Amino acid sequence: MIILMASTLPIHRFLPQTDVLPLVDVRSPAEFEKGHIPGAVNIPLFDNEERKLVGIRYKNSGKESAVLLGLEIVGPKMAQFVKDAKRITGKNKEILVHCWRGGMRSGSMAWLFETAGLKPYTLEGGYKAYRRYIRSQFSRESRLIILGGYTGSGKTDILKSLQGGGEQFLDIEGVARHKGSVFGPLGQEAQSTNEQFENNLAHVWRKFDFSKTVWIEDESRQLGRVGVPDPLFLKMREAPVIVVDIPKDIRVKRLVKEYGSFDKELLAAQLVKIKERLGGQWLKEALSALEKDDMEHVASIALNYYDKAYNFGIKKRDSAKVYYLSLKKDDPGENAAAVLSFAKRNNLI
């Protein structure tokens, strides 16, 4: 009798393989939706209700009874599991498999795949080990430079220009699908769960060359419904900051270009959310200007608040690590070159 047994890999060896091999997450759809390894395909051993029934059986009647129920549920689905796996593996027989703790669910599916002629690798410790590992990676030794500046300075576009020139950019707002301010969700796809946001952010982070600089935009801890992981946020607060100073009139024009085409009711609703910060009179004036299509005045009023808020935040940083750079126009490519040159002159790179 030949006993088949899949190879089990620790997370530091398993994770790089997800870049080249198909990855199957056998947890329930609800578990997968809450958070999963980027690139994973969900082939659930049990659906949400079945998982609940097996759990109840385990609690009431013990492991052996729960296993028998599980076999009854899984039996009719085994052929489809194999078909699904072979569809994503193609000619390559190797496949990665994981569950929550690296226990019976991934082990059972790996056995099935191996019996069907595939070569599965399971994750030691499962998804739980993955989550612990990626959070620890945000604490690894790295050289960060934060690009700061008032709202409307085009910081994201400057950083993307730097990225296009070969620099490393961790686009937190892009991963979060939120631009940070109260207007941040406008024009964005729906945000993921916070857990999935961390997973997606870690997916980008782990591919950086940490012997080189990583650029990040100055962000608050919270972007809509998701938050920057604590280990990374602490590193960001300790890193040097280059604050680009662009004239307000130029920033107003950028904001009008970015947000002026949105529905007035939607813009009004977002303005109302910062009523206490703007002040009742300024809100009234902003809403009146919005009704008159005077978008530049609306943007100017909003910047009165956001500029004060940014000044308050930057004063909380170590002044010895804050560098100011005046820029005269909204040209991401030219401004990126100026920022890079400034960083080099100040020995930040």
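Just so it is clear, the model here is predicted, and its values are computed rather than measured.

Trainee: Where do I start with the overall build of the protein chain in this structure?
Mentor: A count of helices and strands for the protein chain gives 17 helices and 12 strands. Each of the three principal axes of the protein chain carries a C-alpha extent, and together these read 80 × 45 × 35 Å. Counting every position in the protein chain, which comprises 349 residues, the buried fraction comes to 48%. Total accessible area computed for the protein chain in this model is approximately 18000 Å², and 52% of it derives from carbon and sulfur atoms.

Trainee: Is there a simple way to explain the nonpolar core in this structure?
Mentor: In a soluble, globular protein the nonpolar side chains are often hidden away together inside. One finds L170, I172, W205, I216 and L232 to be the most contacted residues of the largest nonpolar core, which totals 43 residues. The greatest single-element share of this core, amounting to four residues, is contributed by helix 10 (residues 194-205). In terms of nonpolar packing, the next biggest core, distinct from the first, is built from 23 residues, L255, Y259, L271 and I274 among them.

Trainee: Before we go on, may I ask you to explain helix 3 (residues 48-61) in this structure?
Mentor: Residue pairs three or four apart in sequence face the same way in an α-helix, which turns once every 3.6 residues. Across its 14 residues, helix 3 extends 20 Å between first and last C-alpha, which sits within 8% of the 20 Å expected from 1.5 Å per residue. Between the side-chain oxygen of the N-cap and the backbone nitrogen of E49 there are 3.1 Å, and the N-cap of helix 3 in question is D47. G62 sits one or two residues past helix 3 and shows a positive phi near 100°.

Trainee: Even after reading the chapter, I still don't get the packing of aromatic side chains, so can you show me in this structure?
Mentor: Any pair of aromatic rings gets described here by the distance separating the centres and the angle formed by the planes. For the coordinates displayed, the defined rule picks out 11 aromatic pairs. Centre to centre, the rings of F138 and W205 are 5.8 Å apart; their planes meet at 45°, and the pair counts as tilted. Here F138 is found in the loop between helix 7 (126-137) and strand 6 (143-149), whereas its partner W205 is found in helix 10, with 67 residues between them in sequence. Overall, F138 belongs to the buried group, its relative accessible area being 0%. With 5.9 Å between their ring centres and 75° between their planes, Y150 and Y310 make a pair best called edge-to-face. Of this pair, Y150 sits in the loop between strand 6 and helix 8 (155-164) while Y310 sits in helix 16 (residues 295-314), placing them 160 residues apart in sequence. The residues Y150 and Y310 share a single accessibility class, namely buried. A network of ring pairs unites the aromatic residues F138, W205, F208 and F210 as a single cluster. Over the ring of Y127 we find R27, and its NZ or CZ is 4.0 Å from the ring centre.

Conventions used here
Residues numbered from 1 in each chain as written. Predicted model: local features only at pLDDT ≥ 70, side-chain atom pairs only at ≥ 80, totals over all residues. Heavy atoms only, no water. Helix = DSSP H or I, 4+ residues; strand = E, 2+ residues; numbered from the N terminus. Buried < 20%, exposed > 50% of the residue type's maximum accessible area, 1.4 Å probe, protein only. Areas by Shrake-Rupley, 256 points an atom, 1.4 Å probe, with all protein chains shown as cover. Core = buried A, V, L, I, M, F, W, Y, C linked by side-chain atoms within 4.5 Å. Expected span 1.5 Å × (residues − 1). Polar contact = N/O pair within 3.5 Å; in protein donor to acceptor, adjacent residues only side chain to side chain. Phe/Tyr/Trp six-rings, centres within 6.5 Å; stacked < 30°, edge-to-face > 60°. Lys NZ or Arg CZ within 6 Å of the ring centre and 35° of its normal.

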